Structure formats: C-alpha cells, structure tokens
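Analysis of the macromolecular model
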Amino acid sequence: MASSKKAIFSFFIFLILYFLYSVLHVHIPDVYLLRRLDVFYYIVVGVFFTLYLKERLIHKSLRRVILHVGVLWTIWFILELLYFFPFPDTAIYMRNVWYFYFAPMHILPLLLFYASIYEGRLENERLHPLWYLPTLISLFFVFAAISNDKLHLMMDFEEDFKGIVGNVEYGPIYYLSMAWIVFLFTFSFVLTLIKCRISIPRRLQFLPLLPVLVGIVWAIYYITDTLPVINGRVVAEFPETFSYIMGSFTTICICIGLYPSNEGYKALFAKSSIAALITDRDGTVRYTGSTPISLAGLSFTEDNEEQVRGTFRIRRFPIRGGFMYWQEDISEILKLNEELKETGDRLAEEGELIKLKRKLDAERYSIDESNKLYDSIAKHVLPQSAEIARLSEEAEADLSLFDHHASVILVLCTYIKRYSNLTLLHEKNAFFSSSELTLSLNESLRALQRNGIKTALISGESALLPGSSVIELYSIFEELFEKNLNRLIGVTIRVSKGSPFTIKAVIETDSELSLPASEYFNVSMEKEDGIYYLVFALKEMGGDAS
C-alpha cells in the first residue's frame, strides 16, 4: 500500500510541475530574456530530476541508462533555450538547432527501451549484440536530421525559404523516424508491464500507465490539431509533454520497486527477527531489527570488534558510511563453562573421579560419532560453503552486489540447513515421512522467489520413505537450482502419494537441462517449448506413513 501511495503521489507531483509549466508558458510576457523563462524552469526541474535518480537507483546498468535520461532532458531544453538566441543569419541558425532536437527526441525513447531490457537482469550482465541494433537505427535517424540541409533525407524546404515553419515537405524517412519513436515507446512500456506482473503485486502493475495515458490524451489533441491555445500559445508543447511522460514513468517504476532503489531497508529490519542494527559513522542508529540492541557502555576499536554483555556477545562490522552491529546469544556457552567448573570441583574426590571418567568416555564416544556425522555433512556442503564465502567477499568489496548476492546466498544457506536436518533425522530413523521432503523443497522454492523466480509447490498425502531416497532427491533438485539459478524462470513441483510415490516438476528455464541420475527413483524428462517436465517415480520400496 505504501508503494502505491508513493507512486500516485509522484505522479501528481509531476502533473503539478507540468501544469505550472503550462501556466508559465502561456502567460509569460513576450519580452527578451523573459520569454523563455518557462524553458529555464524545465531545465531546473531536469537537473533536480537527474540528481534524484543518481541518489535513488542502485542497479549499476539501469542507473547508468536512467541517468542519461535526466541528462538528455536537460540538454534538450538547453537546445530550446538556445533556439531563440539572435544571430546574423537567424533562420539558418534556428533551423539547425531544430535539427538537433531530433537527437534527444530519438535517444530518450531508446534509453527507455534499454531500461526495460536491463530491468530484472544481473548488474553486470552483458546484452546480446543484437540488442544494440536499435541504437544504430536511432543514430541513423539522428544523422538524417542533423545533416538535412546537406542531404535532405527527412524534409525539403522551398528554395527561397528561410524559416522552419510551413512550406515544409516531409519525406518517408521522417515518417519512419516518428514510427520508430512510437515503436520504442510501445515496446518499452509493454515489456515493463510484463515484468511488472512478475516482480510486484498485480494491484500496482498499471500505475506506470498513468503518465502514458496523459501522453495518449495529448497525442489525440495534437493529431486532431485541437490543443488549447491561450494568448496565442499552445498550452502543452511536445518536448515538455515528452519529458513529463519520461520523468513520471521512471519515478513511478522506482516507487513500486520495478527499478531497484535504495529504500525498503526499514521495512526489512522491521519484519526481520534478527538482533541487528545499522548506524552511521557518528553512531546514530539508522535501521534496527525487531529485537533491540543497546550499545550503551560498549567500546569498540579496530582491534576489538566484539564485546560481551551478560549472556550476549555483540559484534561490529564496518560498512560504507557506518557500522553494522549484531547480537549473539552465548548463554549455552556460559552454561557449559559453568558446568565444567562444577565438574572440576567434583573431580577433587577420588571416588567421583572414576565415575566421571566413565561418563566422560561415553560422552566422548558420542561426540566422536557426532563429529563424524558433522564432518560428513560439512564435506557434502563444502561447495555451497565456499560459494557463500566467495559471494560474501564480493559483496563486501562492492556493496552494489549486496542484494543479488544475498538472494543467491539465501538459496545456498537454505540447502545447507535442510540437508543437515534431513541427514540428522536419517541418522536416527531409516524411514521417515515425505512431509520432511515437502518442507525442505518448500523452503528452497521460497528462497528462489527472492531471486525473481516464480515457484509453486503442490503436495498431497504423506508417505513413509527411505531417508536416503529423500536426501538424494532433495540434493538432485538443489543441483538443478544452483546450476541454472541465473536462467531459471519458473519452478512448479507436485508431490503425490500414489503407487509408486511420485514427484513431478515443471521447470521453465533458458538453460539446457540434462536427465538426472538417481539410485532410488526412475527418472524421465520431456521438453516442450522451452519447458522441462521431470517425473521421479520411487522404485519398489517404502510404504505408507503411519
């Protein structure tokens, strides 16, 4: 709800700025140095809009593209301001400035086109070379306009014509250039809305269309030549309307989360149960989790980044612009230390020494067996642990990678956690319910959703399965997820009891999947229209869950 309110508020702010321009445009006196005050007003708006984008956007490639939108906005209106400067041959000068209008007029929709392409991609993901073909087409139209006095590719004037209005014959390339602008806009808006339905709630998906609808209304008035005229001036000129649509559309996309921005951290901490907080360099708390942490009386240095208070250990980690603090419960460690101290006192008595020795031998044996199991688990998940360490180091070196790497790490950590739980459960039970597999897959699918992947899990009645078959199948799915994480589009898993016990998976991905090998399941795979259909049928073993 907060996102929709911000988006609607931003829409009306731009609408008010657009209205103020129209009022200024039609009422400003026709006096030199004052008659283009409305254009100067739009230049100021463009500068502030560019600064706003620079501070808000965090996706590197998307920020670079959208920042160019703000810069071109400003350049366009500087050209309009220069349009009325007097020169000896004013008509030729004004006509050539008019030709340069076509540069931002073609490049702005091109930038919006690339913004829609970069949306949802990894920050440093390279585009296929074919995606750069629209750039060549737009540059051709810009060249055709700028060189029109020499090549006459877009329009022709009468031989003795010196102005820029009337008596102009437009050529086919001119109309093609206008059609190209409309195509880029339409493609960008449609692609953005398609991605909008995936990444944000459906109730917000039509908000980016608000400024587009305003532009459509203006286009209808323009085509029918019925734009209102006050004091001999058209109320809404094309460049200002064009820039209004671009600015409002971009800002709404930021507000609803379609373009990744540097907000939402407060909500993240508020909904998280972790005991952590973030401060600036001066120690002022900026974000805090639902579990409070008090830093009063604590003193941290570069050589000592942790402090103990009661049954908690508080650690500090330097981040860009401040510090992150988190709290760890060490009550069990303190309790163990206390028990060891009491045990040492009892060992002072010779009779108790033998008894305690036997007890310690038994505990040592149990610990050794547990350590073997833990070592086995650690060895199995070593690739995931190494990848987590690598991603953490990269995110620490470049904070712009934090959100993406955190989503990938969540997938890896979920597998480590669930694999460990299944292995420990199997150590005690040779057979257990398939609901343990369902819970593990469900948590992994939720982690995939953080990576922008659509997922669904449908489960039926539970069945009693060999623990080793459950662990194997869960590991097979994890391998599929990890190998194709950046190419996955959607995953649907259906668990059915049946006879035999069967799991069906529908995986939509741009990757090529290979048929998994399994010791406990008969596996089949089919591909249709880029979608893989996998069926895992349990071989003859197991039974019903009691």
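Residues numbered from 1 in each chain as written. Predicted model: local features only at pLDDT ≥ 70, side-chain atom pairs only at ≥ 80, totals over all residues. Heavy atoms only, no water.

Describing the overall build of the chain
Counting its regular elements, the chain contains 16 helices and 17 strands. The buried share of the chain, reckoned over its 546 residues, is 41%. (Helix = DSSP H or I, 4+ residues; strand = E, 2+ residues; numbered from the N terminus. Buried < 20%, exposed > 50% of the residue type's maximum accessible area, 1.4 Å probe, protein only.)

A few points about the pairing of strand 5 (residues 276-280)
Remark: a regular strand shows side chains that alternate across the two faces of the sheet. Among the 5 residues that make up strand 5, 5 are buried, leaving the element largely enclosed by the rest of the structure. Burial along strand 5 is two-sided: Ala276, Ile278 and Asp280 and Leu277 and Thr279, pointing in opposite directions, are all buried. In the sheet, strand 5 pairs with strand 9 (residues 322-329) via 5 bridges, with the strands oriented antiparallel. Residue leucine 277 lies in a different strand from strand 9, and its bridge partner there is tyrosine 325. Strand direction decides the pairing type here: strand 5 and strand 6 (residues 285-288), joined by 3 bridges, are antiparallel. From the neighbouring strand, isoleucine 278 faces strand 6, where its bridge partner is tyrosine 287. (Pairing = 2+ DSSP bridges.)

Quick word on the sheet that holds strand 15 (residues 521-528)
On the basis of which strands lie adjacent, the open sheet formed by 5 strands has the order 11-13-14-16-15 and mixed pairing. What marks the edges here is a single partner per strand, and that holds for strand 11 (454-459) and strand 15. Strand-to-strand, the axes of this sheet are offset by a mean angle of 10°, without reference to chain direction. Across 8 bridges, the pairing between strand 15 and strand 16 (residues 531-538) is antiparallel. Counterpart to asparagine 522 in the pairing with strand 16 is alanine 537. Contacting strand 13 (488-496), strand 14 (502-509), strand 15 and strand 16, helix 16 (residues 467-483) runs over the sheet at an angle of about 170° to strand 16. (Axes fitted to C-alpha atoms, helices over the stretch in contact; angles between N-to-C directions. Contact = heavy atoms within 4.5 Å.)

A look at the environment of glutamate 443
Secondary-structure assignment places glutamate 443 in helix 15 (residues 435-449). As for glutamate 443 and tyrosine 415, which are separated by 28 residues in sequence, their C-alpha atoms are 8.7 Å apart. Beyond its immediate sequence surroundings of up to four residues, glutamate 443 is in contact with Thr414, Lys417 and Arg418.

Some remarks on the nonpolar core
Counting residues in hydrophobic clusters, the biggest one holds 71 residues, and the most contacted among them are Met154, Met155 and Tyr259. Breaking this core down by element, the ones donating at least two residues are helix 1 (2-27), helix 2 (37-56), helix 3 (60-82), helix 4 (90-118), helix 5 (133-146), helix 7 (172-199), helix 8 (209-223) and helix 9 (238-255). Per-element accounting of this core gives the leading share, 17 residues, to helix 4. Not counting the four nearest positions on each side in its chain, methionine 154 is found in contact with Phe102, Phe141, Ala144, Ala145, Asn148, Glu169, Tyr170, Gly171, Ile173, Tyr174 and Ser177. Grouped together as the second largest cluster of nonpolar side chains are 46 residues, Ile409, Ile416, Tyr419 and Phe536 included. (Core = buried A, V, L, I, M, F, W, Y, C linked by side-chain atoms within 4.5 Å.)

Re the side chain of glutamine 384
Along the polypeptide, glutamine 384 turns up in helix 13 (residues 382-397). Residue contacts for glutamine 384: discarding those within four places in its chain leaves Leu412, Tyr415, Ile416, Glu478 and Glu482.

Comments concerning the packing of aromatic side chains
In this structure the tally under the stated criterion is 15 aromatic pairs. Ring plane angle 40° and centroid distance 5.2 Å describe the contact between phenylalanine 113 and phenylalanine 187, whose orientation is recorded as tilted. Of the two residues, phenylalanine 113 sits in helix 4 while phenylalanine 187 sits in helix 7, which places them 74 residues apart along the sequence. Using a relative accessible area of 3% as the deciding quantity, one classes phenylalanine 113 as buried. (Phe/Tyr/Trp six-rings, centres within 6.5 Å; stacked < 30°, edge-to-face > 60°.)

Considering the packing of helix 8 against helix 9
At a minimum axis separation of 8 Å, helix 8 and helix 9 run at an interaxial angle of 165°. Viewed along their axes, helix 8 and helix 9 adopt a mutual orientation that is roughly antiparallel. For helix 8 against helix 9, the interelement crossing comes out left-handed. Where helix 8 abuts helix 9, its residues Pro211, Val212, Val214, Gly215 and Trp218 lie against Phe238, Thr241, Tyr244, Ile245, Ser248, Phe249 and Ile252. When grouped by side-chain class, the residues that make up the contact of helix 8 with helix 9 number 9 nonpolar, 3 polar and no charged. (Parallel < 35°, antiparallel > 145°, perpendicular 65-115°, else oblique. Left-handed = near helix turned anticlockwise from the far one by under 90°. Nonpolar A, V, L, I, M, F, W, Y, C, P; charged D, E, K, R; others polar.)

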